[in-house]
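# Structural characterization, general
Below are the chains, spelled out letter by letter.
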Number of protein chains: 2
Amino acid sequence: MSEIVKIAVDAMGGDNSPKKVIEGIEISLKKNKKNYFYIYGDENLLNKEISKTKLVKNYSEIINTKDIILDDESPLTAAKGGKNSSMWKTIESLKEKKTDISISAGNTGALLVISRLLLKTIEGISKPALAALWPNKNNMNVVLDLGANIECDKKNLCDFASMGSALFKSLFEGERPKVALLNVGLEEHKGNDVLKKTYAVLKNNKVKNFNFTGYIEGNHIMDGNVDVIVTDGFTGNIALKTAEGTANFITKGLKNSLNKLSILISFYSLKKFKEKLDPRKYNGAIFLGLESPVVKSHGGTDSIGFAHSINVCNKIVNANLIAKIKSNLITVDGESNE
Amino acid sequence: MSEIVKIAVDAMGGDNSPKKVIEGIEISLKKNKKNYFYIYGDENLLNKEISKTKLVKNYSEIINTKDIILDDESPLTAAKGGKNSSMWKTIESLKEKKTDISISAGNTGALLVISRLLLKTIEGISKPALAALWPNKNNMNVVLDLGANIECDKKNLCDFASMGSALFKSLFEGERPKVALLNVGLEEHKGNDVLKKTYAVLKNNKVKNFNFTGYIEGNHIMDGNVDVIVTDGFTGNIALKTAEGTANFITKGLKNSLNKLSILISFYSLKKFKEKLDPRKYNGAIFLGLESPVVKSHGGTDSIGFAHSINVCNKIVNANLIAKIKSNLITVDGESNE
């Protein structure tokens, strides 16, 4: 029997908020009432949206906040001047242990900086990382880091392997996820120095929580042969956005090429495939490595995407992700920057 | 009036060679007879294939070579023991100025190492780079480096900008190609130190041969707003392969989802789109920065893809790519490794 999960919600970030946030909560409550929401934002706007829903008022309380961190605000400005913002107050509720997990569709950079300011890093973790779900032939991978850390050393990458496999186990079945390092080739001598050193540590480490399967190349990310893909934040960000750009290019090109009759006839056969690829299902990057989990919804997603992220929040807390990360950590010699 | 282009062909590398190589030459000759081919490989096999074609024998000569560099051979083994191979002899003909350009569908690593061993680097260029064509909304981009250099400094990246724009001008219209640096964000402070330094040089340099447009993110590579995208070989390789993997994932998933009737009805409308995305049209990476151009055909392409690469060879020589690169170079202060 799972406990009620207390979710802190920044209702003011991203496109079309707080409307999509409140609708997203409503959608999630229709399926699962084992969440309780602390909703941070402009009281008047929130009450107006909540009055249009049936369930939200019974499973939430509003905490009125004055300020909003804008999507194009610099993270440092946001951190300095944002103490009365819905985002800051959301993270603060985690610090005060009032809530179990937080979710925001707002400014990613500001969210990372504020989270690092207010929350402690898990002991033994050098840098927190941003992880996301990536569709593959069978189901989904966890990929990290996607942009929190531009430069990483072997200790960071080994931590990402531990944290990524803890996340995978929290969201999906399987006791020992398969972990691979993203590289430009499969042979042990390929890649830069950091990758070679990380390979050596992971290969020789008798870890009980995941299986290290070696390197993986970009063209095999979606093959479904591994569960967790580890990379530095620069490479991960380029890979994720390149995949997004390619998917958009193809699906738009395809849509423009199909005539109306063929769209009609293809509709049902295409529907299943489109559902599999629906980006709303993969919505929700998770900031891993802090004492509390911080979930980032895509700013451009809609209420259905936001509801998917709430589902991720629920799973993460019920699976006790933070405890899993702590027990997953591996020892890396020479833990200084190198 | 263009001169006859003398193309050195390594006929033994890649899948299904030399059959696809000879067929590719035949296809190219049907459209353009202003090429002459020096074909390196096993005489008996080549004669057998050439006897099945109409044009090849009148526009080529065979140079019999004993050895073949295998696709899975390590580049260093190939360089040490490969002196009698078709690949080595092909590059040697460039060194001896017997030919204008070379093409091979063989082992990429070996081709890069042998080319660097036998050919001089263009004065002023620190590291040669591997460039390729990438489809976009309007036409094609040039992207480099795609894997020749795992680590790059600002001087290398500035050279790539010069070489990439020279290649773009050789293959397409336009006097001042738009050049962008691949990064994780658009703001000047984003990315690693090398990118920030390169940005500063390119922004302040009054170059006459290209327009520097700043940073570009992975999701905009295919938007068609820039002509040349510059990155280090590690990032470029990950981005290219991730895009390939994503494209394969979507097109295969789509094919499996469509029923036979909808495929039939969609056939003509899909045909045009599929033609645009046909990877054979983008076949042919170009190794830039040596005194002669070296073209790498994809090992897995077929005769049509190989013919496309021959077309690229012809354009590059007629446009005098090497002279364009030399006149395109920009001065970078502090040209040592940093």
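Residues numbered from 1 in each chain as written. Chains lettered and ligands numbered in written order. Predicted model: local features only at pLDDT ≥ 70, side-chain atom pairs only at ≥ 80, totals over all residues. Heavy atoms only, no water.

## With respect to the overall build of chain A
What counts is decided by this rule: Helix numbers and strand numbers start at the N terminus; a helix is a DSSP run of H or I with at least 4 residues, a strand a run of E with at least 2. The globule rule used for comparison is 2.2 Å times the number of residues to the exponent 0.38, while the radius of gyration itself is calculated over C-alpha atoms. The contact criterion used throughout is that any non-hydrogen atoms of two residues lie within 4.5 Å. The Shrake-Rupley method, run with a 1.4 Å probe, gives the accessible areas here. Residue values count only the displayed protein chains as cover. Asp and Glu are treated as the negative residues and Lys and Arg as the positive ones, with His and the ends of the chain left uncounted. Charged side chains are reduced to one point each, which is NZ for Lys, CZ for Arg, CG for Asp and CD for Glu.
If you tally the helices and strands in chain A, you get eleven helices and eleven strands. Whereas a compact globule of 338 residues would reach a radius of gyration of roughly 20 Å, chain A reaches 20 Å, a difference of no more than 12%. Across its three principal axes, chain A shows a C-alpha extent of roughly 60 × 60 × 45 Å. Contacts in chain A between residues far apart in sequence, at least 24 positions, make up 74% of those at least 6 positions apart. With an accessible surface of roughly 14700 Å², chain A has 51% of that area assigned to carbon and sulfur atoms. Considering chain A, the positive charge centre built from 47 side chains and the negative charge centre built from 38 side chains are found 5 Å apart.

## Thoughts on the domain arrangement of chain A
Under the convention used in this document: Where each domain starts and ends follows an automatic or database-derived domain assignment.
Domain boundaries in chain A define domain 1 (5–119) and domain 2 (129–278 + 324–328). Using only C-alpha atoms to locate each centre, domain 1 of chain A and domain 2 of chain A end up separated by 28 Å.

## Structural notes on the sheet that holds strand S5 (residues 129–135) of chain A
Residue and element names in this part refer to chain A. Filter applied, for reference: By this definition, two strands are paired if DSSP reports at least two bridges between them. Lines are fitted to the C-alpha atoms to define the axes, a helix being fitted only along its stretch in contact, and any angle between axes, read from their N-to-C directions, falls within 0 to 180 degrees.
A sheet is described by the order of its strands in space; here eleven strands give the open sequence S3-S2-S1-S4-S11-S10-S5-S6-S9-S7-S8, paired in mixed fashion. Each edge of the open sheet carries a strand with a single partner, namely strand S3 (60–64) and strand S8 (211–216). The sheet shows a mean angle of 25° between the axes of neighbouring strands, direction not considered. Strand direction decides the pairing type here: S5 and strand S6 (residues 140–144), joined by five bridges, are antiparallel. Note that in S6 the partner of Ala132 across the bridge is Val143.

## Re the pattern of salt bridges
All names here are of chain B. The following threshold applies: Each salt bridge in this description consists of a side-chain nitrogen of Lys or Arg and a carboxyl oxygen of Asp or Glu lying within 4 Å of one another. Think of it in three bands: residues with accessible area under 20% of the maximum for their type are buried, residues over 50% are exposed, and the middle band is partly exposed, with areas taken using a 1.4 Å probe on protein chains only.
The final tally for this structure, using the stated rule, is 18 salt bridges over all chains. With its nearest N and O atoms 2.8 Å apart, the salt bridge here joins Glu23 to Lys19. Remark: Lys19 and Glu23 occur in helix H1 (residues 19–31); sequence separation between them is four residues, near one turn of the helix. The exposure class assigned to Lys19 is partly exposed, which follows from its relative accessible area of 33%. Note that Glu49 and Lys52 form a salt bridge whose closest N and O atoms lie 3.3 Å from each other. In this structure Glu49 comes out as buried when scored by relative accessible area, which is 11%.

## Topic: the packing of aromatic side chains
Note on aromatic pairs: each is described by the distance of the centres and the angle between the planes. Residues and elements named next belong to chain A. Under the convention used in this document: Each aromatic pair joins two rings of Phe, Tyr and Trp (for Trp, the six-membered one) with centres within 6.5 Å, and gets the label stacked for planes under 30 degrees apart, edge-to-face for over 60, and tilted for any other angle.
The full count for this structure, using the stated rule, is eight aromatic pairs over all chains. Pairing Phe168 with Phe172 gives two aromatic rings, centres 5.0 Å apart and planes at 45°, and the pair type is tilted. Measuring from ring centre to ring centre gives 5.4 Å for Tyr199 and Phe212, while their planes differ by 80°; the resulting arrangement is edge-to-face. Linking Tyr199 in helix H7 (residues 193–204) with Phe212 in strand S8, this pair joins segments that are 13 residues apart in sequence. Taken as a pair, Tyr199 and Phe212 share a single burial class, namely buried. Chaining the aromatic ring pairs together yields one cluster made of Tyr199, Phe212 and Tyr215.

## Comments concerning unusual backbone geometry
At the junction of Ser17 of chain A and Pro18 of chain A, the peptide bond is cis and its omega measures out at 5° in the coordinates. Of note, Pro18 of chain A is situated in the loop between strand S1 (5–10) and helix H1 (19–31). Here the bond from Leu144 of chain A into Asp145 of chain A is cis, since omega is 0°, no more than 30 degrees from zero. Positionally, Asp145 of chain A belongs in the loop between S6 and helix H6 (154–171). Here the phi dihedral of Asn16 of chain B falls at roughly 60°; this positive angle occurs in a residue that is not glycine. Along the chain, Asn16 of chain B turns up in the loop between strand S1 (5–10) and H1. For Asn16 of chain B, a relative accessible area of 52% translates into the label exposed. A positive phi angle is found at Asn320 of chain B, which is not glycine, with a value near 60°.

## Quick notes on the pairing of strand S2 (residues 35–41) of chain A
The side chains of a regular strand alternate between both faces of the sheet. Residues and elements named next belong to chain A. Our working definition: Place the viewer so that the strands point away; then a crossover is right-handed whenever the path from the first strand over the helix to the second strand goes clockwise.
Counting buried positions along S2 gives six out of seven residues, so the element sits mostly inside the fold. Both S1 and S2 contribute to a ladder of six bridges, which runs parallel. By the bridge assignment, Lys6 is partnered in S2 with Tyr36. Once you follow S1 into H1 and on to S2, the crossover reads as right-handed. Relative to S3, S2 is paired through five bridges, and the arrangement is parallel. Its bridge partner lying in S3, Gly41 is registered against Asn64.

## Thoughts on helix H4 (residues 86–95) of chain A
Residues and elements named next belong to chain A. The buried fraction of H4 amounts to seven of the ten residues, a majority that puts the element mostly inside the structure. Every buried residue belonging to H4 is among Ser86, Met87, Trp88, Thr90, Ile91, Ser93 and Leu94, and all of these are buried. Next to the buried residues of H4 lie S1, S2, helix H3 (75–81), strand S4 (101–104), helix H5 (108–118) and strand S11 (294–296). Following H4 by one or two positions, Lys97 has its phi on the positive side, about 60°.

## Details of helix H7 (residues 193–204) of chain B
Residue and element names in this part refer to chain B. What counts, and what does not: Helix span, as expected, comes to 1.5 Å for every residue beyond the first. Throughout, the arc means that of the directions going from the helix axis to the C-beta atoms.
With twelve residues, H7 should cover 16 Å at 1.5 Å per step; its first-to-last C-alpha distance of 17 Å lies within 8% of that length. For H7, the complete set of buried residues consists of Leu195, Thr198, Tyr199, Val201 and Leu202. Across the axial projection of H7, the buried residues extend over an arc of 170°, all falling on one side.

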